[in-house]
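# Observations on chain architecture
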Amino acid sequence: MIYYIIRRLLMLIPTLIGITFVSFLILQLVPGDPARVIAGIEAEEEVVEAIRESLGLHKPIIVQYWMFVKNVAKGDFGESIRTKRRVIDEVWPRFLNTVRLSLVSIVIAFFVGITIGTIAGVYRNSAIDYSTMVLILLGISTPSFWSGLLFILVFSVYLGWLPAGGFTGIQSVVLPAITLAAGPAAMTARMARASILDVLRQDYIKTALAKGQKESKVIYKHALKNALIPTVTIIGLQFGYLIGGAVLVETIFTWPGLGRLIVQSIDSRDYPVVQGGVLIFASSFVFINLAVDILYTYIDPRVTYE
Amino acid sequence: MNDVGKKTNRAKRRQIYFTWRRFHKNRLALVGVIIIIIHLLIAGFAPYIAPHHPFAQNFRMMNKGISLTHLFGCDHVGRDIFSRILLGTSLTLRISIAAVMIGLLVGTLIGMLGAYYGRIVDAIVVFGTDILLAFPDFLLAVAVIAAIGSGMTGVIIASGFSSIPQFIRMTRGIVLREKGKEYVVAAKAIGENSASVMIRYILPNVLSSIIVLATLRMAVVILIASGLSFLGLGPPPPSPEWGAMLNEGKAYLRTAPQISVFPGLAIMILVLAFNLFGDGLRDALDPRMKL
């Protein structure tokens, strides 16, 4: 097991190098001279030249990339253009806020998704099943930036139950978390339904029923456990969806997370922060996927790690 | 030879017929197709059927709610929201079709080359794809648009780019499976060159999966593109892009919710239609396909 984890960690290195390369490219592809972009349009030519010198922008691109990787490995993501603070100090606290929001969302998504999906699967082809399927399709098709605004409209503007945004205690997490959870909940429900149907066809379920077990007990004790395994494996994918969705949902609810910081930084042309934010998001996604893979081998002993 | 040709023609027609029958039975998928056709018609005829000019500002109608003359009400500068949504339809369709085409053409080409040539070519393709797949869709689109700049072209390239890895992965998988089959070996044996083997022999077998993926991808790309516009990274005002309209309405949510509510509804309906259509197509064309 320990060897498996070490090997997987080693396999991660090329992917992480690739991610740094893509993030590195963001600043390179920005139209115009990066030094000029960082210095600002009105800056003196000497200032631009100094920045060019200090960032090594006159060196060949591959050398620049190597410097970037070395700095990133030391936790140095450069300096924010807007605030002049280190990018890592800007990005990290925001990232933790996004993690808080995502954790609440993923719990909601899984609880709701698995419950709905299981019920739909058990009562297959019933009215409940069909309405669930419609609900799932709506969940997948609804843009989060629209449902978020509708939630604000209903729960903050009309009913006044919850704050429309900000970061003011436990109530302020409710609306963004639900908005963010809708898509993943729908996908989880779809997966849970499919795998419950798959499991219910198995012989051991028929055996359990044949020997006179109560149906509800069979579903809880035999079916659900096995149906959950494939559902859990998509948790990694869901996190990717959450990271992407966070960019939009945080903007709507003015949640001080990394997604919103990236959008603000694009607006203010603070490219080093964009670069650092994208890099942190993508690497966290990679690590979560690794964690899910490892978790998978734990919960399903049939999976061999070789 | 002629006989064989006739037979394969008949087989082909039978196949299309059965595909259609399977598809036809799926009511929801038909609903999806009908909604898409309606949208295509709206996109084509919007300038003629729109009751008002989409850019005409009428300050006496500012933030006015729904009425008979203004079905969806008016926005913060008194423009008719219904007319703007009608005109935005072609914008949304053009952006998302162009984006999916980018993903489809580039992705299919790269995936096919990788799988066909194998070895180092394939290794590079797999490595590159894995890296792009390490970025969640929307984040990748945001990163791309941050680099190349916002606007309509930016949105098309960014949302198209985020579709490339999906097409690569799917095409590569199928070509790997197909390239060892007898018909490919036979084609090579009679001296067909690589380009011909790929295009004339292998491509037709990838086509149905490409169509299904492209349809489902339309739904995702519409969400990505309008999401980018919602963040203010899309076509600049006064463009009636649906996501951009939602963004404009955000500030007037309390006084004039219709400015954001209706464009969002339009996005959802179109996305839903492509999801229904795509699911139906997948079940009809290739029931075993996992997407």
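Residues numbered from 1 in each chain as written. Chains lettered and ligands numbered in written order. Predicted model: local features only at pLDDT ≥ 70, side-chain atom pairs only at ≥ 80, totals over all residues.

Once that is clear, we can look at the overall build of chain A. For chain A, the helix and strand inventory stands at 13 helices and zero strands. Of the regular secondary structure in chain A, the N- to C-terminal order runs α-α-α-α-α-α-α-α-α-α-α-α-α. Principal-axis analysis of the C-alpha atoms places the extent of chain A at approximately 85 × 55 × 30 Å. With 306 residues in all, chain A has 39% of them scored as buried. Considering only contacts in chain A between residues 6 or more positions apart, those separated by 24 or more positions represent 72%. (Helix = DSSP H or I, 4+ residues; strand = E, 2+ residues; numbered from the N terminus. Buried ≥ 20, exposed ≤ 12 C-beta atoms within 10 Å, placed from the backbone. Contact = placed C-beta atoms within 7 Å.)

This part is about the overall build of chain B. Check the secondary structure of chain B and you find eleven helices and zero strands. Going from N to C terminus, chain B has its helices and strands arranged as α-α-α-α-α-α-α-α-α-α-α. In terms of overall dimensions, chain B has C-alpha extents of about 75 × 45 × 25 Å along its principal axes. For chain B, with 291 residues in total, the buried portion stands at 47%.

Right, let's talk about the packing of helix α13 (residues 271-299) of chain A against helix α5 (residues 137-148) of chain B for a bit. Each pair of packed helices gets described by two things: the angle between the helix axes and the distance between those axes. One way to put it is that α13(A) packs onto α5(B) with a least axis distance of 11 Å and a crossing angle of 160°. Here α13(A) lies roughly antiparallel to α5(B), going by the angle between them. Handedness of the α13(A)/α5(B) crossing: left-handed. Every residue of α5(B) that contacts α13(A) at A:V274, A:V278, A:F281 and A:A282 is listed here: B:L139, B:A143 and B:A146. (Axes fitted to C-alpha atoms, helices over the stretch in contact; angles between N-to-C directions. Parallel < 35°, antiparallel > 145°, perpendicular 65-115°, else oblique. Left-handed = near helix turned anticlockwise from the far one by under 90°.)

Counting residues at the interface gives 35 residues for chain B, matched by 39 residues for chain A. For the side of chain B that touches chain A, the elements supplying multiple residues, two or more each, are α4 (119-133), α5, α9 (194-230), α10 (242-250) and α11 (258-285) of chain B. A breakdown of the residues in the side of chain B that touches chain A according to their chemical character gives 25 nonpolar, six polar and four charged. (Nonpolar A, V, L, I, M, F, W, Y, C, P; charged D, E, K, R; others polar.)

Let us now look at the confidence of the model for chain A. Model confidence for chain A is summarised by a mean pLDDT of 82, while 96% of its residues fall at 70 or above. Taken element by element, chain A is modelled with least confidence in helix α2 (residues 34-39) of chain A, mean pLDDT 71, and with most confidence in helix α12 (residues 258-267) of chain A, mean pLDDT 89. (pLDDT = per-residue confidence, 0-100.)

Here the focus is the nonpolar core. Residues A:A282, B:L139, B:A143 and B:I222 are the most contacted members of the largest nonpolar core, which totals 153 residues. When residues in this core are grouped by element, the largest group, 17 residues, is from α9(B). Apart from residues lying up to four places away in sequence, B:I222 is in contact with B:T92, B:S96, B:I267, B:L270, B:V271 and B:F274. (Core = buried A, V, L, I, M, F, W, Y, C linked by C-beta atoms within 7 Å.)

Turning to the environment of A:V232, a few remarks are in order. Residue and element names in this part refer to chain A. Tracing the backbone shows V232 in helix α10 (residues 215-233). According to the C-beta neighbour criterion, V232 is partly exposed, with 17 such atoms within 10 Å. With 215 residues separating them in the primary sequence, V232 and I17 have C-alpha atoms 28 Å apart.

The residue after B:P237, namely B:P238, is reached through a cis peptide bond having omega 5°. Mapped onto the secondary structure, B:P238 falls in the loop between α9 and α10. Although it is not a glycine, A:T254 sits at a positive phi angle of roughly 45°. Examined against the element boundaries, A:T254 turns out to sit in the loop between α11 (235-252) and α12. Residue B:R119 is not a glycine yet carries a positive backbone phi of 45°. Its location among the elements puts B:R119 in helix α4. By the C-beta count within 10 Å, which is 8 here, B:R119 ends up exposed.

Next up on the list: the packing of α12(A) against α13(A). Residues and elements named next belong to chain A. Relative to each other, α12 and α13 sit at 150°, their axes nearing to 9 Å. With respect to α13, the element α12 is oriented roughly antiparallel. Taken as a pair, α12 and α13 cross one another with a handedness that is left-handed. On α13, the residues that touch L258, L261, I262, S265 and I266 of α12 are V273, V274, G277, V278, I280 and F281. For the contact of α12 with α13, the per-class residue count stands at nine nonpolar, two polar and no charged.

Quick look at the environment of A:P230 now. Along the chain, A:P230 falls in helix α10. Sequence separation between A:P230 and A:I196 is 34 residues, and the spatial gap between their C-alpha atoms is 10.0 Å.

Turning our eyes to something else, we now look at helix α4 (residues 61-73) of chain A. Along an α-helix, residues three or four positions apart point the same way, because every turn accommodates 3.6 residues. Taking 1.5 Å per residue as the helical rise, α4(A) with its 13 residues ought to reach 18 Å, and the 18 Å between its terminal C-alpha atoms agrees with that figure. Following α4(A) by one or two positions, A:G75 adopts a phi angle in the positive range, close to 85°. (Expected span 1.5 Å × (residues − 1).)

With respect to the helices, strands and loops of the structure, A:S172 is situated in helix α8 (residues 171-200). Beyond its immediate stretch of four places on either side in the chain, A:S172 contacts A:P163, A:G166 and A:F167.

Residues with a pLDDT of 70 or more make up 91% of chain B, whose mean pLDDT is 84. By mean pLDDT, helix α1 (residues 2-25) of chain B is the weakest element of chain B at 68, and helix α6 (residues 152-161) of chain B is the strongest at 92.

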